[in-house]
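Take a look at the letters that make up each chain.
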Amino acid sequence: MSDDHSARLALPYLAAGQMQKHVTLNEALTRLDALVQTVVVSRTTTAQPGAPADGGLWILPAGATGADWSTRPTGALVRAEGGGWTVVQTGDGLIALVEDADEVVVRHGGDWAPLGARLGVAQALSRLGIGTTADAANPFAARLNTALWTALEAWAGGTGDLRLTLNKETSGDVLSLLFQSGWGGRAELGLVGDDDLRLKVSADGSSWHDAFAVDRATGRMTFAQGAGRRAVTVLTADGSYAVPAWARSVEAVMVGGGGGGGAGAFGASGSRFGGGDGG
C-alpha cells in the first residue's frame, strides 16, 4: 500500500504537517471529477480542439493531431483544464458515455470497448427492445429489416446444429407463427388449439379459413377446403403409363382416328355423290 496515493484511483493523500494542502486536495478532486459519472465528448475526433471547455474529456483515437494530442498514446483519456491538457489515469472497469456517438464504452485491457461486448451474461431481463420499445404485452420487441440466426460451429465449441424450440403449456393452448400485413393477420401456422400442425389463412384478419392439418399420430394431411394437383400426359403411340405416386384418381380421354369416307356412287358425271366422313 502506498503512503502517498490511493491504491485504485491513485488519488493523492494529504501528508501530516503538509504545507499547501489545498493543492493536493484539489488534484484529488479534479481526478474524481473525471472518473465519476464519466462523460466523453468523443472518441473519434482526431483534431485537437482549439478552445475546449474546462473539464471536457476526450478519448484519443489513432492518428490524433495537435501539439498535445499527437504526443499522447491512442486510447488515452485526456482532460482540458485551464488551456492545457492532462492525461487521466484509467483502470479496467471504467464506464464512460460517449456523447457524439450516443454509446457507452468500458475500459478493458488497456483499450475501450462497447459495454455490450463486455457484458457476457445478461440474466433475468424482464423486457428487451431492439430498435423499438418493449412493453408489458410484448416484453421482447424488435424493429428491424433483417435478422440472422446461425449455428455455433464445431470449431467454436458448438455442434454445428441450430434448432429453435418453442413450447406451450397444454394441448389446448396455442403455439403458432402469426403472419401479418399492415398489422392484420393473413396466415397462422402452428399447434392452434390442439397438438396437430395446422395452417389457416385470412383475407382481412377477422375471418379465417382452415387450409390444412397434419395428424400428429399418423402424419396424414387433410385439406378442409380441398386440394388439387393435376398433370396432363399425352400418349401419341402405343406404350405404358405409370401412375404418379401422388395421384388419387386418373381421368383418361381417348381420341380415335376417323375412318375413311365411302366410295362415290355409280352414275353419270355430276350426279355421283362421295362417301360420308369417317367415324
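Preceding block: the structure.
Residues numbered from 1 in each chain as written. Predicted model: local features only at pLDDT ≥ 70, side-chain atom pairs only at ≥ 80, totals over all residues. Heavy atoms only, no water.

Participant: Describe the sheet that holds strand β1 (residues 39–40), naming the residues involved and giving the relevant values.
Facilitator: A sheet is described by the order of its strands in space; here 4 strands give the open sequence β1-β5-β6-β7, paired in mixed fashion. The sheet is open, and its two edges are formed by β1 and β7 (111–114), each paired on a single side. Bridge analysis of β1 against strand β5 (residues 95–98) gives 2 bridges, and the strand direction is parallel. Directly across from Val 39, in β5, lies its bridge partner Leu 97. (Pairing = 2+ DSSP bridges. Helix = DSSP H or I, 4+ residues; strand = E, 2+ residues; numbered from the N terminus.)

Participant: How would you summarise the pairing of strand β3 (residues 77–81) if you had to cite specific residues and measurements?
Facilitator: Among the 5 residues that make up β3, 4 are buried, leaving the element largely enclosed by the rest of the structure. The sheet contact formed by β3 and strand β4 (residues 84–88) spans 5 bridges and is antiparallel. Pairing of Glu 81 across the sheet is with Gly 84, part of β4. Adjacent in sequence and paired antiparallel, β3 and β4 are bridged by 2 residues, among which Gly 82 carries a positive phi angle near 60°. (Buried < 20%, exposed > 50% of the residue type's maximum accessible area, 1.4 Å probe, protein only.)

Participant: Pulling in residues and values, what's your account of the sheet that holds β3?
Facilitator: Pairing within the open sheet is antiparallel, and its 3 strands lie in the order β2-β3-β4. Strands with a single pairing partner mark the edges of an open sheet, and in this sheet they are β2 (57–59) and β4. On average, adjacent strands in this sheet sit at an angle of 30° to one another, irrespective of strand direction. (Axes fitted to C-alpha atoms, helices over the stretch in contact; angles between N-to-C directions.)

Participant: Tell me what's going on with the pattern of salt bridges, and back it up with residues and numbers.
Facilitator: One pass over the full model with this rule turns up 9 salt bridges. The residue Asp 68 makes a salt bridge to Arg 72 at a minimum N-O spacing of 2.8 Å. When its relative accessible area of 29% is taken as the criterion, Arg 72 is described as partly exposed. With its nearest N and O atoms 2.8 Å apart, the salt bridge here joins Arg 79 to Glu 81. Glu 81 gets classed as partly exposed once you look at its relative accessible area, which sits at 35%. The network of salt bridges with common partners includes Asp 194, Asp 196, Arg 198 and Arg 216. (Salt bridge = Lys/Arg side-chain N within 4 Å of Asp/Glu carboxyl O.)

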